[in-house]
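Coordinates in review
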Amino acid sequence: MAISSVARVGAMAALTALALTACSTGGTDAPGASGGDCAPSDGPVTLTFTSWLPGVEEAVAIWNEENPDIQVEVQTGPNGNGGTYQNFFNQLEAGNAPDLGQIEFDAMPNFRVQDGLENIAACEGILEAESQFVDWTWSQVTFGEEDAVYAIPQDTGPMAMFYRADLFEAAGIAVPTTWEEYEAAARQIREEGGYINNFSQSDINAFAGLVWQAGGEWFSNDADGWTVDMTVGESAQVAEYWQRMIEDDLVAKYPPWTDEWNAAYNSGELWTWVSAVWGANTIASGAPDTAGNWAVAPMPQWEAGASAAGNWGGSTTAVLKGSDHPYEAAQFALWLNTDADALTAMNRTANIYPATIEGADLPVFDEGVEFYGGQKIYEVFAEAGDNVDPDFTWGPTMTQVYNDVADGFSGVLAGNGTLLDALAAGQESTIAALEAASIPVKE
Amino acid sequence: MTATTASRASRTARRPAPARNGGIRESAVSRTIAMAVMVVATLYFLTPIWWLLVASTKTRADFTTTAPLWFADFALFDNLAALFDYRNAVFLRWLANSALYAGVGALFATLIAAMAGYAIAKYSFRGRETLFNVILGGVLVPATALALPLFLLFSQIGATNTIWAVFLPSLVSPFGVYLSRIYAAASVPDEIIEAARIDGAGEVRTFFTVATRMMAPALVTIFLFQFVAIWNNFFLPLIMLRDESLFPVTLGLYVWNTQVSQIPDIRALVIIGSLLSIIPLIITFLGLQRFWQSGLASGGLK
Amino acid sequence: MARDTAGRPSRAVRHRAALAVFLVPFGALFTLFYVIPIGYAVYQSLLTVEREGTFGPAVQVFGGLTQYIAVFQNELFWNSIGRVLLFGVVQVPIMLGLALILALLLDSPLVRGSRFFRLAFFAPYAVPSVIAAIMWGFLYSPNLSPFTGVTQAVDFLSADAVLWSIANVVTWVYVGYNMLIIYSALLAIPQELYEAARLDGAGQLRIALSIKIPLVVPALVLTGIFSIIGTLQLLAEPQVFQSFTSAVTSTFTPNLTIYSTASVPNISLAAAMSVVLALATFVLSFTVLKLTQRRTAR
């Protein structure tokens, strides 16, 4: 064999490495807006905008038509956790991030902590735009800081309960309005041979939405650092509830977003899905045989008569650090997410549900949806959006949190431990990850 | 081993296998068992590809409701039309990009690796073995380790999101250097190089006119391996590219696959796109079969 | 040997010029796209991040071996290495065993139509790992698989089974490739060796065991080492399987662990993990090489 003296390779590589330590770490800071000033650039500019929203080009084309001096170039990639966030971080490190980027709400603190966002509060019209947006979305882009706006909310995912109206009626089961009734209904449905819902082992953001609805939160921060509380209060309450549902075999355990999962909805095995507004299309395309049999009701409540809702998903358009044209970028971001034509276009190509208050009144949301028996389902979601707690805070490493908690949850479905154990393990690894990245944590 | 074994390899490869070993009549039992093993193995290897082919011809509804291994309503052309219609035929663009990255990239990679391998085989110089070992060490490095430094490197010269960011790194094939060294040592006799020198041919010309012809099977093999490696690689393009029109087909399909939960109809496009993306590879392999068969032989030789 | 004609550059000079022409293109590209990035990764792994306050900007400072200490204390990372080692110990011998058997059969007079079989077995190599994993994901699915009778009885995507389900995907893709390398080595065996054996009355099995297999050992070692390297660097297949089953965790294989660490983003820790993984790969392939060399040394 020819590889006989590979031994020297290691030594060589090490030597070369030493010789190269002069490599620069790449630019991190470039002049830009810092909350204090934000002036228009001279002359025409071209902005780059990275988004994975299918068909966002159509909305951008409207802007480019109307603004010959501020042309926006769309770049695409996989969804955030599928690689685009990683790319943003790489690009920020190299100092060549796009001017604008799509960032989901739950990833905002991650980019804020890594100093990846421009503060566009000083840009014309941005602070005044607050009143146009659904309450809770604005607090997500300001982090509660004074004179700070780090992104413009794009879309939201207010949650409600999709349910098989026909099956509930045929079985004579009342549509649950509280979680207690939901569990009781689950037992009856089990006797009918179905499952009330599927417990998703990997949609940790959906689980967070349930915690959010219950009034809990996993993260909080003040000037000294972050606090991680995943195993107390409402979070524990939600975990214990679903633990019971799993142990009593009241929920199915299909991996979500697979064909088996779709098939279980299509065949009528699964009766409800507590999900976000965009889920309306997921069911319609995944379970075509059940058209007309579905309806939408508000989420079951922890207290009878309450009307709390959670949120699952939603994005912002952020101006990334190092942009040479923060003023123009901010104007575009604001237009994209408030202009009726732009919102309509994005709804048509990517099913987005706007984060603006007026967005909920677009004609497309005012129609009865055939798949849901003609119900005006978006009224339910608009109301849910108003009832989302504005004080919920995401942590600075949510991708890691989702991964670690999902690892634990799938263990639970395989029979190892409880959801609460999984949350505790997730909390422990989260604190370790924060410390490893030198992000201050308070224990 | 020596040059003779390698050149025998290329000769024997062209002879039909049953004639080898004398073709003695073996017992019917052994024959039957052997053929049974072959048939079972064929089913194992081809069923998944057959499944993909069948799935590509189905409508979305039939995909989940009809027998997976047999045709239902034949919707192949509808699916193709939908694929080519989606986003201004961006898929065709991706196929063309992949063909460019893999085809041209593998061509140059082969040439570059062949020159290096030939030089290491035929010239003695100080540090020769060390150099060879460092090159071989290249295959040990995980792709995830190279990605970020490469990105920063290309950022320094403002070349991310260009074809060069994907094209240039794929020109390096350590395995190609290994293969061509072994093959050059075995199949290009020193006497021939010496004869060319006496005829007054330059060193470089000798390589291009004499050595490459003798190394042809190895060159085709290197080309194919590198072609497949580039065609399959999606990690580097994922990091480097933002402009959809520069994507290779694997990255494009990966991106679509992450959008399935948002727009479920894309799934059908992913399936037919997968089928189309493997067809060029299979055609390339079939077309060049004659060559790589014997080129491979050298890989296992000392 | 050297008989330089007057007026032409000396042979040594011409040699050196030719060497430069031959080696510089590869050398330059290799330095740019392997050596420098590796060096940079090593440099990154020696850094650590400091920041003040909740949203304070990060500052990179020299941290010595801090990240390496963190790697060695990282249980998940070592679990993932243990997992792929287990994978390799089982999958690599099975794959190479299959490849060897198929190659021997193809090379024997027992099989007709070997040209067709050769291509059929090799076809999966043309399928990119990402797409191979997507296809098998469907074939394993309890409801959609063509073999629902099997997949409903055995859950191929459960936490206990998924490692072996992935092993099957890898085997499927690479058996044909390895088979061809071995088969090509078999073709290179001189006919005379068989004739002698046949005169002694040896059957096909006998010939295979005592002549063919010993002669293809170098090919087996080569394919074995590349398989080991491939195993330690497993990434695409488990990544795709994450969309079919949550049994594939974000730290399932070392490369996945590195990827998810890098997306925190904790680049320095990820770089340290990469360096450790590359060294582990080196040590392992080197050990296998030495062990097999000792055994086959004459």
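Residues numbered from 1 in each chain as written. Chains lettered and ligands numbered in written order. Predicted model: local features only at pLDDT ≥ 70, side-chain atom pairs only at ≥ 80, totals over all residues.

1. Focus on the interface of chain A and chain C
The extent of an interface is frequently quoted as the accessible surface area lost upon association of the parts. With 47 residues of chain A at the interface, the matching set in chain C holds 44 residues. Secondary structure elements with two or more residues in the side of chain A that touches chain C: α1 (7–19), α3 (84–94), α4 (108–113), β6 (219–222), β7 (225–228), α10 (259–266), α15 (398–413) and α16 (419–436) of chain A. Along the lines of polarity and charge, the residues of the side of chain A that touches chain C split into 24 nonpolar, 17 polar and six charged. (Contact = placed C-beta atoms within 7 Å. Helix = DSSP H or I, 4+ residues; strand = E, 2+ residues; numbered from the N terminus. Nonpolar A, V, L, I, M, F, W, Y, C, P; charged D, E, K, R; others polar.)

2. Some thoughts on the packing of helix α5 (residues 90–122) of chain B against helix α1 (residues 11–45) of chain C
Two elements in contact, α5 of chain B and α1 of chain C, have axes whose closest approach is 8 Å; the angle formed by their N-to-C orientations is 125 degrees. One element, α5 of chain B, and the other, α1 of chain C, form an angle in the oblique class. Crossing of α5 of chain B against α1 of chain C: the hand is left-handed. Contacts from Ile 112, Ala 113, Met 115, Ala 116, Tyr 118 and Ala 119 of chain B in α5 of chain B reach Leu 19, Phe 22, Leu 23, Pro 25, Phe 26 and Leu 29 of chain C in α1 of chain C. Of the residues in the contact of α5 of chain B with α1 of chain C, the class split is twelve nonpolar, no polar and no charged. (Axes fitted to C-alpha atoms, helices over the stretch in contact; angles between N-to-C directions. Parallel < 35°, antiparallel > 145°, perpendicular 65-115°, else oblique. Left-handed = near helix turned anticlockwise from the far one by under 90°.)

3. Some points on the packing of helix α5 (residues 129–140) of chain C against helix α7 (residues 162–187) of chain C
Residues and elements named next belong to chain C. One can describe the packing of α5 onto α7 by two numbers: an axis separation of 10 Å at closest approach and a directional angle of 130 degrees. What the angle tells us is that α5 and α7 run oblique. In the packing of α5 onto α7, the handedness of the crossing is right-handed. Between α5, through Ser 129, Ala 132, Ala 133, Trp 136 and Tyr 140, and α7, the contact on the second element is made entirely by Ser 165, Val 169, Trp 172 and Val 173. Here the residues of the contact of α5 with α7 sort into seven nonpolar, two polar and no charged.

4. Description of the confidence of the model for chain B
Caution is warranted with low-pLDDT regions, since their predicted coordinates should not be read in detail. Residue and element names in this part refer to chain B. Per-chain confidence: chain B averages 82 in pLDDT, with 87% of residues scoring 70 or above. The least confident element of chain B is helix α1 (residues 3–13), whose mean pLDDT is 38; the most confident is α5, at 94. Both scores are given for the predicted complex: the pTM is 0.85, the ipTM 0.85. (pLDDT = per-residue confidence, 0-100.)

5. What about the environment of Ile 196 of chain A?
All names here are of chain A. Here Ile 196 shows up in the loop between α7 (179–191) and β5 (197–198). Considering only alpha carbons, one finds Ile 196 and Ile 126, 70 residues apart in sequence, at a separation of 44 Å. Setting aside residues no more than four positions away along its own chain, Ile 196 makes contact with Tyr 182, Ala 185, Ala 186, Ile 189, Leu 250, Val 251, Trp 271 and Thr 272.

6. Looking at unusual backbone geometry
Here Val 264 of chain C and Pro 265 of chain C are connected by a cis peptide whose omega angle stands at 0 degrees. With respect to the helices and strands, the residue Pro 265 of chain C is situated in the loop between α11 (254–262) and α12 (267–296). Notably, Phe 143 of chain A is not glycine yet its phi reads approximately 55 degrees, a positive angle. For Phe 143 of chain A, the position within the fold is in the loop between α5 (135–142) and β4 (151–164). Residue classification places Phe 143 of chain A among the partly exposed residues on the basis of 18 C-beta atoms within 10 Å. (Buried ≥ 20, exposed ≤ 12 C-beta atoms within 10 Å, placed from the backbone.)

7. Examining the nonpolar core
Counting residues in hydrophobic clusters, the biggest one holds 334 residues, and the most contacted among them are Ala 330 and Phe 332 of chain A, Ala 116 of chain B together with Ala 103 and Ile 182 of chain C. What Ala 103 of chain C contacts, discounting residues up to four positions off in sequence, is Met 179, Ile 182, Tyr 183 and Leu 186 of chain C. (Core = buried A, V, L, I, M, F, W, Y, C linked by C-beta atoms within 7 Å.)

8. Side note on the domain arrangement of chain A
Residue and element names in this part refer to chain A. Parsing chain A into structural domains produces domain 1 (45–156 + 312–366) and domain 2 (158–310 + 375–442). Spacing between the C-alpha centres of domain 1 and domain 2 amounts to 27 Å. Between domain 1 and domain 2, the contact holds 20 residues from the first and 25 residues from the second. When residues of the side of domain 1 that touches domain 2 are traced back to their parent elements, those giving at least two are α4, α5 and β11 (311–319). Within the side of domain 1 that touches domain 2, the residues separate by chemical class into twelve nonpolar, six polar and two charged. (Domains from an automatic or database assignment.)

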